[in-house]
Structure formats: C-alpha cells, structure tokens
Amino acid sequence: MRRHSADIRPVKKDAKYGSELVTRMVNRVMRKGKKSIAEGIVYGALEQLAEATSEDPVEVMTRAVENVKPRVEVKSRRVGGATYQVPIEVSKDRQFAMALRWIIQFAIGRSGVPMRRALAVEILDAYRNEGSAVRRRDETHKMAQANRAFAHYRW
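Residues numbered from 1 in each chain as written. Predicted model: local features only at pLDDT ≥ 70, side-chain atom pairs only at ≥ 80, totals over all residues. Heavy atoms only, no water.

Trainee: It is not clear to me how the pattern of salt bridges should be interpreted in this structure. Could you clarify?
Mentor: Side-chain pairing between opposite charges can occur once the charged atoms of the two side chains come close. Across all of its chains, the model carries six salt bridges by this definition. Between Glu73 and Arg94 there is a salt bridge, and its shortest N-O distance comes to 2.8 Å. Here Glu73 is found in strand E1 (residues 72-79), whereas its partner Arg94 is found in helix H4 (residues 92-108), with 21 residues between them in sequence. Judged by its relative accessible area of 7%, Glu73 falls in the buried class. Overall, Arg94 belongs to the partly exposed group, its relative accessible area being 34%. One salt-bridge network, held together by shared partners, links Arg110, Glu122 and Asp125. (Salt bridge = Lys/Arg side-chain N within 4 Å of Asp/Glu carboxyl O. Helix = DSSP H or I, 4+ residues; strand = E, 2+ residues; numbered from the N terminus. Buried < 20%, exposed > 50% of the residue type's maximum accessible area, 1.4 Å probe, protein only.)

Put into structure tokens, the structure is as follows:
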C-alpha cells in the first residue's frame, strides 16, 4: 500500500432517537457545516413519518434504507482499447452510503416542497418499495444484469 488509509471513526448515536442511522442521515443532509439546520430537517421528517405511518419513524427509515440498498453495481474497466461496464458486488458500507445519498438526492430534487416534507415523502416511498430511489436501485441492478457477460473482467 502506497499511502496511509484513513481510520474509520465510529458514528455517534443521535441525542433524540439514539440511532446511528439518524446521525448518518443528518450528516448527509448537512450543508456548509450547518448541523442544527440539518437536524431540524431530519427530525421534522421523522415526526411527519410518525404521523403518516403511526409506527416508529426510525424503524420506517431503517426499512426504507434496506429497500434502496443496491446489491450489485457496474464499474468501468478499460481492457485493451475498449471500456467495459463490469458488474461487481457492493460492500455493506457502500450499499448504505449509496442508499442514503439517493434518498437525499431525490428529496432535494422535489422542487417547491420544504426539505423536511420532501425527505419524509421520499423515505415513505422507499419504505413502500416505490419512488425514485427504489427505481434507481432497480436501474443499477438491471445494468449489472445486462453486463454480466463481462463479469470475468472483475479484479
């Protein structure tokens, strides 16, 4: 190994729900170090989830993230003069990171809606196994399935 690899720091549980998932969601929503605003958005979204489902909002969010996690993805590999889309399995940490990223990205994409409302709707859609983030996961899986002939280029 050429360089020092960064140590993976443990994620602290959030103050309100005692969940690492909520902390990671807050950190992903946060822009320019404004953590209190990000907490307000995520906690507001969780409160709306609790009203909409009458279930534990952290459990709903956990199930939503599970539904969005991709199992395989494609990576570009250059072999000779050609570039192939090679399907590879996704590590647990990357699955989690991609799921959070997609849910937040599609919540931001809902224009004209307050962020806490958009985030709540996106999490609820993912919980019900529908919505943009689940569609992105399905597209990723289809792409990997279509390119499985190039799986032998994996290394």
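Text resumes after the structure shown.
Trainee: Looking at this structure, how should I read the side chain of Thr23?
Mentor: Along the chain, Thr23 turns up in helix H1 (residues 20-29). If we ignore the near neighbours within four places in the chain, the residues touching Thr23 are Val11, Lys12, Lys13 and Asp14. (Contact = heavy atoms within 4.5 Å.)

Trainee: Hey, could you run me through the packing of H1 against H4 in this one?
Mentor: Two measures define how a pair of helices packs: the angle their axes make with one another and the distance between the axes. Where H1 contacts H4, the two axes come as close as 10 Å, and the packing angle between them is 55°. With respect to each other, H1 and H4 are oriented oblique. At the point where H1 passes H4, the crossing takes the right-handed sense. Counted together, Leu21, Arg24, Met25, Arg28 and Val29 of H1 and Asp93, Phe96, Leu100, Arg101 and Ile104 of H4 form the full contact between these two elements. Within the contact of H1 with H4, the residues separate by chemical class into six nonpolar, no polar and four charged. (Axes fitted to C-alpha atoms, helices over the stretch in contact; angles between N-to-C directions. Parallel < 35°, antiparallel > 145°, perpendicular 65-115°, else oblique. Left-handed = near helix turned anticlockwise from the far one by under 90°. Nonpolar A, V, L, I, M, F, W, Y, C, P; charged D, E, K, R; others polar.)

Trainee: For this particular structure, what's the right way to read the environment of Asp138?
Mentor: By secondary structure assignment, the location of Asp138 is in helix H6 (residues 132-146). In this structure the C-alpha to C-alpha distance between Asp138 and Lys69, which are 69 residues apart in sequence, comes to 9.9 Å.

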